[in-house]
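# Observations on the three-dimensional arrangement
Each chain is listed here by its residues.
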Amino acid sequence: MPLTITPLSNVLAAEATGVDLREPLDDATAEALNHAFNSHAVLCIRDQHLDPGQYVAAASLFGEPVQQVNRYSRFPEFPEIGILTGDTRDSRGERIINGATWHTDHSFTKQPPLGTILYAVVIPDKGGATSFCDMRAAYQALDDDMKRRVDGLKAVHAYESSRSPRRMAPRTEEEVAETPDVVHPLVRKHPRTGDPALYMSTTRLDHIVDLDREDSNALVDTLLAHATQPEFIYDHEWRVGDMLIWDNRCTMHHANGNYPIEEKRLMHRIMIEGEIPV
Ligand code: OGA
Ligand code: MN
């Protein structure tokens, strides 16, 4: 079966069929998949059957897998693979959903991963989609005055930002010292396509450099509301065997916890090393 790339929405995301990532890939196929990833920003490769070793090898198609940070939910023999379940509960017995608000992964680090990959092992019957928004399209749709206003601005990203709706688990002084705040451009240029995109996160973006808190919050709120309008969004309904990579440089995403409490969801997660945003 030949490799086929088909868009999944009018804005971002495409699916790839006709490829089995257990087999060695020829250069043309590897290039076609990377090209589809760079142009569609979300690429879902359907119908895969990957054990952890095959998954790491398949992920390497897009770059260098990095170690997952949470050392308690990784495969011991494959520290690049994080195990993402919907099994953790709060004190009231409600499911804890990580990444429930719009974000891009690890923007609190100096060199955030260029992409994150989820491989769907178990999915609920209904619900549990992942939502994506296109920060290139959102930037392009700003009026000229706003584009001029945001071009060249910088933003401080923090492990636990003051704006975050989510409270993180308590950390030791040593752990806090490991994650100093970082500064990233508010509009970053995609290193492969050259496209400008807003670079933001509801959980990590703390404030815009050189603006007072009130002006900064107002601008960030306006831009986030703009970027997360329905016309920029694609909701991915998972199928078992999907290996989906998203581009952290030009999209935001969030998880949806809207599936029955007794249902399981299991993803194997890999992040791909990225560049310093410019
Ligand atoms: C992530 C994430 C969303 C989901 O793994 O970084 O945000 O739907 N996941 O599980
Ligand atoms: Mn995430």
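Residues numbered from 1 in each chain as written. Chains lettered and ligands numbered in written order. Predicted model: local features only at pLDDT ≥ 70, side-chain atom pairs only at ≥ 80, totals over all residues. Heavy atoms only, no water.

In this section: the site of ligand 1. In the vicinity of ligand 1, the contacting residues are Leu-84, His-103, Asp-105, Leu-118, Thr-130, Trp-246, His-253, Ala-255, Arg-265 and Arg-269. Between Arg-269 and ligand 1, the recorded distance is 2.7 Å, taken from a side-chain N or O atom to an oxygen atom. Relative to its unbound accessible surface of 290 Å², ligand 1 loses 94% to contact with the protein. Of the residues that constitute the shell around ligand 1, the class distribution is four nonpolar, three polar and three charged. (Near = heavy atom within 4 Å. Polar contact = N/O pair within 3.5 Å; in protein donor to acceptor, adjacent residues only side chain to side chain. Areas by Shrake-Rupley, 256 points an atom, 1.4 Å probe, with all protein chains shown as cover. Nonpolar A, V, L, I, M, F, W, Y, C, P; charged D, E, K, R; others polar.)

What follows is about the sheet that holds strand β8 (residues 130–134). Ordered by their spatial adjacency, three strands build an open sheet running β14-β8-β16, and the pairing between neighbours is antiparallel. Taken across any chain shown, the strands that pair with only one partner, and hence form the sheet edges, are β14 (233–236) and β16 (251–255). Direction aside, neighbouring strands of the sheet carry axes that sit 20° apart on average. For β8 and β16, the ladder comprises five bridges, and the chain directions are antiparallel. Paired with Ser-131 across the two strands is His-254, which belongs to β16. (Pairing = 2+ DSSP bridges. Helix = DSSP H or I, 4+ residues; strand = E, 2+ residues; numbered from the N terminus. Axes fitted to C-alpha atoms, helices over the stretch in contact; angles between N-to-C directions.)

So, on to the pairing of β14. Across the two faces of β14 the burial differs, with Tyr-234 and His-236 buried and Ile-233 and Asp-235 not buried at all. Strand direction decides the pairing type here: β8 and β14, joined by four bridges, are antiparallel. Directly across from Phe-132, in β14, lies its bridge partner Tyr-234. (Buried < 20%, exposed > 50% of the residue type's maximum accessible area, 1.4 Å probe, protein only.)

Leaving glycine out, the prevailing phi sign among residues is negative, and the prevailing peptide bond configuration is trans. Of note, Asp-47 is a non-glycine position whose phi angle comes to about 60°, a positive value. By the secondary structure assignment, Asp-47 is in the loop between β3 (42–45) and α2 (52–59). The class of Asp-47 is exposed, set by a relative accessible area of 51%.

As for its placement among the helices and strands, Thr-130 is situated in strand β8. Beyond its immediate stretch of four places on either side in the chain, Thr-130 contacts Tyr-234, Asp-235, His-236, Trp-238, His-253, His-254, Asn-256 and Arg-265. (Contact = heavy atoms within 4.5 Å.)

For the rest of this paragraph, the subject is the sheet that holds strand β9 (residues 154–157). Read from one edge of the open sheet, three strands run β10-β9-β13, paired in antiparallel fashion. Both edges of this open sheet fall to β10 (182–185) and β13 (205–208), since each of them pairs with a single strand only. The mean inter-strand angle of the sheet, taken between neighbouring strand axes irrespective of direction, is 35°. Inspection of the sheet shows β9 paired to β10 by four bridges, in the antiparallel sense. Across the sheet, the residue bridging to His-157 is Val-182, located in β10.

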